[in-house]
Amino acid sequence: MKYLKKISFNAPVTLSFTIICLIVVILGALTHNATTYSLFTIYRTSFLDPLLYVRLFTHVLGHIDFSHFANNMTLFLLTAPLLEEKYGSKRLLFIILFVAFITGLINIIFTNNSLLGASGVVFAFIILSSITGNDSGIPLTLIIVATIYLSNEIYTAITVSDTISQLTHIIGGICGAFVGFYFKKC
């Protein structure tokens, strides 16, 4: 019992994001993904559609099923708490919203695909984590992670026909690098 008293809500944005994503997955399952598609998936539509502007941010909350959610949240929960501790809750929320907006916008401009899930945010956090903690120069960990990650995404984009958006992963990673180097200058 004494250990239960020591459980803390240590990363409010991280935990809130995860809980909201879980609620969205459950809601999607209850509605046969009708809510997921209408509110938590970004796709090319008329710029007169007011939900387009909502979905530019909410698509990162949507996941097609529990397996998709679990894969994203496992990596998210490994990287985000440390980043939230380092950069603070407000900055972490900003990063999530920034990555959501950029990946959603690029998706509707350059593809005809629908997009949902937090993988762009996850890959931003993976790259950002490899930058964090080094006060000078370009970290070797960033070079190694980026090389492995980009090689895999490019290879998969060329050789595998699936519904996973490698472009979103790459753009998320670029956003993570951009934010990381920007925060180093602050």
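Everything in this summary refers to the structure shown in the same document. (Residues numbered from 1 in each chain as written. Predicted model: local features only at pLDDT ≥ 70, side-chain atom pairs only at ≥ 80, totals over all residues. Heavy atoms only, no water.)

## Thoughts on the nonpolar core
Consideration 1: By size, the foremost hydrophobic cluster in this structure holds 29 residues, and its most contacted members are Phe17, Met73, Phe76, Ile95, Ile96, Val121 and Phe125.
Consideration 2: Of all elements in the fold, only helix H1 (12–30), helix H4 (66–87), helix H5 (89–110), helix H6 (119–131) and helix H8 (166–185) reach the threshold of two or more residues within this core.
Consideration 3: Looking at this core element by element, the count peaks at 6 residues for H4.
Consideration 4: Setting aside anything within four residues of it in sequence, one finds Ile96 in contact with Val13, Phe17, Val60, Phe76, Val121 and Phe125.
Consideration 5: Within the second largest apolar cluster, 7 residues are counted, among which are Phe123, Ile127, Ile131 and Leu142. (Core = buried A, V, L, I, M, F, W, Y, C linked by side-chain atoms within 4.5 Å. Buried < 20%, exposed > 50% of the residue type's maximum accessible area, 1.4 Å probe, protein only. Helix = DSSP H or I, 4+ residues; strand = E, 2+ residues; numbered from the N terminus. Contact = heavy atoms within 4.5 Å.)

## Topic: H1
Consideration 1: Helix length check: H1, at 19 residues, gives a terminal C-alpha distance of 27 Å against a target of 27 Å (1.5 Å per residue), a fit within 8%.
Consideration 2: Restricting attention to buried positions, one finds in H1 the residues Val13, Thr14, Phe17, Thr18, Cys21, Val24, Val25 and Gly28. Each buried residue of H1 lies within a common arc of 130° when the element is viewed along its axis, so the set occupies one face. Away from the buried face of H1 by more than 90 degrees, exposed residues Ile23 and Leu30 are located.
Consideration 3: Looking at the buried residues of H1, the elements they touch are helix H2 (34–39), H4 and H5. (Expected span 1.5 Å × (residues − 1). Arc of directions from axis to C-beta.)

## Observations regarding helix H7 (residues 140–159)
Consideration 1: With 20 residues, H7 ought to run about 28 Å at 1.5 Å a step, and its terminal C-alpha atoms sit 28 Å apart, in line with that.
Consideration 2: By the burial criterion, the buried members of H7 are Leu142, Ala146, Tyr149, Glu153 and Thr156. Looking down the long axis of H7, one finds its buried residues gathered within 115° of arc, a one-sided arrangement. Residues of H7 that are exposed and angled more than 90 degrees away from the buried face: Leu140, Ile148, Tyr155 and Ile158.
Consideration 3: The secondary structure elements touched by the buried residues of H7 are H6 and H8.

## A word on the pattern of salt bridges
Consideration 1: One pass over the full model with this rule turns up 1 salt bridge.
Consideration 2: For Asp49, the salt bridge identified is with Arg55, shortest N-O distance 2.8 Å. (Salt bridge = Lys/Arg side-chain N within 4 Å of Asp/Glu carboxyl O.)

## Quick word on the packing of H5 against H8
Consideration 1: Between H5 and H8, whose axes approach to 10 Å, the crossing angle comes to 140°. Looking at the two axes, H5 sits oblique to H8. Pair H5 / H8 crosses with right-handed handedness. Where H5 abuts H8, its residues Arg91, Ile95, Phe98, Val99, Ile102, Thr103 and Ile106 lie against Leu167, Thr168, Ile171, Gly172, Cys175, Phe178, Val179 and Phe183.
Consideration 2: Across the contact of H5 with H8, the residue classes break down as 11 nonpolar, 3 polar and 1 charged. (Axes fitted to C-alpha atoms, helices over the stretch in contact; angles between N-to-C directions. Parallel < 35°, antiparallel > 145°, perpendicular 65-115°, else oblique. Left-handed = near helix turned anticlockwise from the far one by under 90°. Nonpolar A, V, L, I, M, F, W, Y, C, P; charged D, E, K, R; others polar.)

## Here's the deal with the side chain of Thr168
Consideration 1: For Thr168, the location among the structural elements is in helix H8.
Consideration 2: Non-local contacts of Thr168, meaning those with residues more than four positions away in its chain, are made with Thr103, Leu115 and Gly120.

## A few points about the environment of Leu116
Consideration 1: With respect to the helices and strands, Leu116 occurs in the loop between H5 and H6.
Consideration 2: For Leu116, a relative accessible area of 18% puts it in the buried group.
Consideration 3: C-alpha separation for the pair Leu116 and Thr36, spaced 80 residues apart in sequence, amounts to 8.5 Å.
Consideration 4: Leu116 has contacts with Thr36, Phe40, Thr41, His59, Gly62, His63, Ile64 and His68, leaving out every residue within four places of it along the chain.

## Regarding the packing of aromatic side chains
Consideration 1: Taken as a whole and assessed by the stated rule, the structure comprises 10 aromatic pairs.
Consideration 2: Note on Phe98 and Phe178: the rings are 6.1 Å apart at their centroids and 25° apart in plane angle, and the pair reads as stacked. On the criterion of sequence distance, the pair formed by Phe98 in helix H5 and Phe178 in helix H8 is long-range, its members being 80 residues apart.
Consideration 3: The exposure class assigned to Phe98 is partly exposed, which follows from its relative accessible area of 22%.
Consideration 4: Residue Phe178 is classed as exposed on the basis of its relative accessible area of 52%.
Consideration 5: Geometrically, the ring pair formed by Phe123 and Tyr149 is stacked, given 4.8 Å between the ring centres and 25° between the ring planes. Here Phe123, found in helix H6, pairs with Tyr149, found in helix H7; they are 26 residues apart in sequence, far enough to count as distant.
Consideration 6: Phe123 sits in the buried class, given a relative accessible area of 15%.
Consideration 7: A relative accessible area of 8% places Tyr149 in the buried class.
Consideration 8: Taken together, Phe17, Phe76 and Phe125 form an aromatic cluster joined through their ring pairs.
Consideration 9: Across from the ring centre of Phe183, 4.3 Å away, lies the NZ or CZ of Arg91, which sits over that ring. (Phe/Tyr/Trp six-rings, centres within 6.5 Å; stacked < 30°, edge-to-face > 60°. Lys NZ or Arg CZ within 6 Å of the ring centre and 35° of its normal.)

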